[in-house]
Amino acid sequence: MTTATPAPAPSMRLREIVFGAACAAALRAAARLGVADALGDNPMTVEDLAGAVKAEPRPLRRLLRALSCHGVFAEQEDGRFAHTDMSRLLREDDPDSLRFISLWCTEPWTWEAWPRLDEAVRTGRNVVQDLYGKEFFEYLHEDAPESADVFNRAMTTSSEQSARDVAQLLDLSGSSSVADIGGGQGHVVASLLEKYPSMQGTLLDLPRVVENADPRLRRGGALADRVSIVPGDCRAAIPVRADVYIIKNILEWDDDSTARTLRNVIAAGGPGARVVVIENLVDDTPSMRFSTAMDLLLLLNVGGAKHTTQSMVDRLTGAGLVIDAIRQVNPYLHAFDCTVPA
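A brief report on the enclosed structure follows. (Residues numbered from 1 in each chain as written. Predicted model: local features only at pLDDT ≥ 70, side-chain atom pairs only at ≥ 80, totals over all residues. Heavy atoms only, no water.)

1. Considerations on the overall build of the protein
A tally of helices and strands in the protein yields 17 helices and nine strands. For 342 residues, the compact-globule estimate of 2.2 N^0.38 gives 20 Å, and the protein sits close to it at 22 Å. Counting all 342 residues of the protein, 47% fall into the buried class. The long-range share in the protein, meaning contacts at least 24 apart out of those at least 6 apart in sequence, stands at 64%. Surface accessibility of the protein: about 16,900 Å² in total, with carbon and sulfur atoms responsible for 53%. (Helix = DSSP H or I, 4+ residues; strand = E, 2+ residues; numbered from the N terminus. Rg over C-alpha atoms; globule rule 2.2 N^0.38 Å. Buried < 20%, exposed > 50% of the residue type's maximum accessible area, 1.4 Å probe, protein only. Contact = heavy atoms within 4.5 Å. Areas by Shrake-Rupley, 256 points an atom, 1.4 Å probe, with all protein chains shown as cover.)

2. A few points about the packing of aromatic side chains
To describe a pair of aromatic rings, one takes the distance between the centres and the angle between the planes. Throughout the structure, instances matching the rule amount to eight aromatic pairs. For the cation-ring pair, Arg-99 lies above Phe-100, with the distance from its terminal atom to the ring centre recorded as 5.2 Å. (Phe/Tyr/Trp six-rings, centres within 6.5 Å; stacked < 30°, edge-to-face > 60°. Lys NZ or Arg CZ within 6 Å of the ring centre and 35° of its normal.)

3. Regarding the pairing of strand 9 (residues 333-339)
Counted residue by residue, strand 9 has six buried out of seven residues, so it is predominantly covered. Bridge count for strand 7 (residues 274-279) against strand 9 is six bridges, and the pairing is antiparallel. Bridging from a neighbouring strand, Val-277 pairs with Phe-336 of strand 9. As paired strands, strand 8 (residues 322-330) and strand 9 are joined by seven bridges and run antiparallel to one another. Counted as the bridge partner of Val-322 is Thr-339 from strand 9. Where strand 8 folds back onto strand 9 in an antiparallel hairpin, the turn is made up of two residues. (Pairing = 2+ DSSP bridges.)

4. Thoughts on the pairing of strand 6 (residues 244-248)
Burial analysis of strand 6 places five of its five residues in the buried class, which makes it a mostly covered element. Across the two faces of strand 6 the burial is the same, with Val-244, Ile-246 and Lys-248 and Tyr-245 and Ile-247 all buried. The pairing of strand 3 (residues 177-181) with strand 6 spans four bridges and is classified as parallel. Along strand 6, the bridge assignment pairs Ile-181 with Ile-247. In this fold, the crossover linking strand 6 to strand 7 by way of helix 15 (residues 255-269) has right-handed handedness. (Right-handed = clockwise from strand over helix to strand, strands pointing away.)

5. Examining the packing of helix 4 (residues 46-53) against helix 5 (residues 57-68)
Following both chains from N to C, one finds helix 4 and helix 5 inclined at 105°, their axes separated by 9 Å at the closest point. One way to sum up the angle between helix 4 and helix 5 is to call them roughly perpendicular. Taking contact as the criterion, the partners of Val-46, Glu-47, Leu-49, Ala-50 and Val-53 in helix 4 are, on helix 5, Pro-57, Leu-60, Arg-61 and Leu-64. For the contact of helix 4 with helix 5, the per-class residue count stands at seven nonpolar, no polar and two charged. (Axes fitted to C-alpha atoms, helices over the stretch in contact; angles between N-to-C directions. Parallel < 35°, antiparallel > 145°, perpendicular 65-115°, else oblique. Nonpolar A, V, L, I, M, F, W, Y, C, P; charged D, E, K, R; others polar.)

6. Some points on the sheet that holds strand 9
Spatial strand order, 5-4-3-6-7-9-8: seven strands in an open sheet with mixed pairing. Both edges of this open sheet fall to strand 5 (227-231) and strand 8, since each of them pairs with a single strand only. Taken over all neighbouring pairs, the strand axes of this sheet differ in orientation by 20° on average, direction set aside. The sheet contact formed by strand 4 (residues 200-205) and strand 5 spans five bridges and is parallel. Bridge pairing in strand 5 links Leu-204 to Val-230. Running at roughly 130° to strand 8, helix 12 (residues 145-169) makes contact with strand 6, strand 7, strand 8 and strand 9 of the sheet.

7. Thoughts on the environment of Leu-321
As for its position among the elements, Leu-321 is in the loop between helix 17 (309-319) and strand 8. The spatial distance from the C-alpha of Leu-321 to the C-alpha of Arg-274 is 9.4 Å, given a sequence separation of 47 residues. Setting aside its immediate chain neighbours within four residues, Leu-321 contacts Leu-262, Ile-266, Val-275, Leu-316, Cys-338, Thr-339, Val-340 and Pro-341.

8. So, the environment of Gly-34
Along the chain, the position of Gly-34 falls in the loop between helix 2 (20-33) and helix 3 (35-38). Accessibility expressed as a relative area gives 15% for Gly-34, which makes it buried. Residues Gly-34 and Glu-16, spaced 18 residues apart in sequence, show a C-alpha to C-alpha distance of 25 Å.

9. Regarding the nonpolar core
Counting residues in each nonpolar core, the largest one holds 27 residues, and the members touching the most others are Ile-238, Tyr-245, Ile-247 and Val-275. Secondary-structure elements contributing two or more residues to this core are strand 3, strand 6, helix 15, strand 7, helix 17 and strand 9. If near-sequence neighbours (up to four positions away) are discounted, Val-275 is found in contact with Tyr-245, Ile-247, Val-265, Leu-321, Phe-336, Asp-337, Cys-338 and Val-340. Counting residues in each nonpolar core, the second largest holds 26 residues, with Ala-167, Leu-170, Leu-172 and Tyr-196 among its members. (Core = buried A, V, L, I, M, F, W, Y, C linked by side-chain atoms within 4.5 Å.)

10. Some thoughts on the side chain of His-307
By secondary structure assignment, the location of His-307 is in the loop between helix 16 (288-301) and helix 17. Under the relative-accessibility criterion, His-307 is labelled buried at 6%. Within the local environment of His-307, its side chain forms a polar contact with the backbone oxygen of Leu-251, the two atoms lying 2.7 Å apart. For His-307, the residues in contact, after removing those within four places along its chain, are Leu-251, Asn-280, Leu-281, Val-282, Asp-283, Met-312 and Arg-315. (Polar contact = N/O pair within 3.5 Å; in protein donor to acceptor, adjacent residues only side chain to side chain.)

From the geometry alone we can't say anything about function, so treat these as descriptive.
Written out as structure tokens, the structure is:
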């Protein structure tokens, strides 16, 4: 029987870390095989699981044994395997599913980019341009459509989950309108409109993004009569007037793009407008191992960066915003609640 073990001595922990790719690859394999989806509420033998996912029993046992060491699946005394809280998150139908996030973070391009991290650290530039001869999203959509689909599904899943947390945290009871700036498919504004039935909303993002807006926001959707969908680039202009502006997970570009976006929000909202900036932080957070890894991935693929608390404060106050509160949304997101001064 294999179980998760206590933290080992430093020498063994370092050995485990350098074999981290094996753990990531094992999660990817389990997700691609659909092991978590095949395993129901009752424990199963490896032979039955192998039959369900069309794999060979002996190597499947090796895969499950490796994952069980990390608390993903659990091997029982009789040799059968059962779900754990973590392995259930690999199921596609779980409301908190991380299946597509697990696939996205282990896509083929990542295995080519990670070995060049030292190059990115030396130069401060992303390595994708040198690897593929084009910028990351251009490469993704032109040369790796399957990976682009995984990315889209991962971002949708993540956005849906975090939108629920954002809506639960924010009290907008004194406001009549909210704008989701660079809001992707609009999950945040949809969740807020559902929470506040009399509120009006706006979603602004690039044309190709808002074309695939949440069905609740599109014509015929449950919220369509209370929302405006505006195609545009928030770094260029924000032609939207609202009481509250939400900016979530987009201030990861270069400093100039971030500054232009904040200036545009301030100009659009005017004195008294509320601006809520929601970001992952690489310090003072329960999720530092996750957020710092995401920070390095951003360096590799687009040359972006996650923020520390202070770097976010500096950018917000430097743009002219007054920070009223900083609150934790969930273990991996923080909200900076700001006001445009008079």
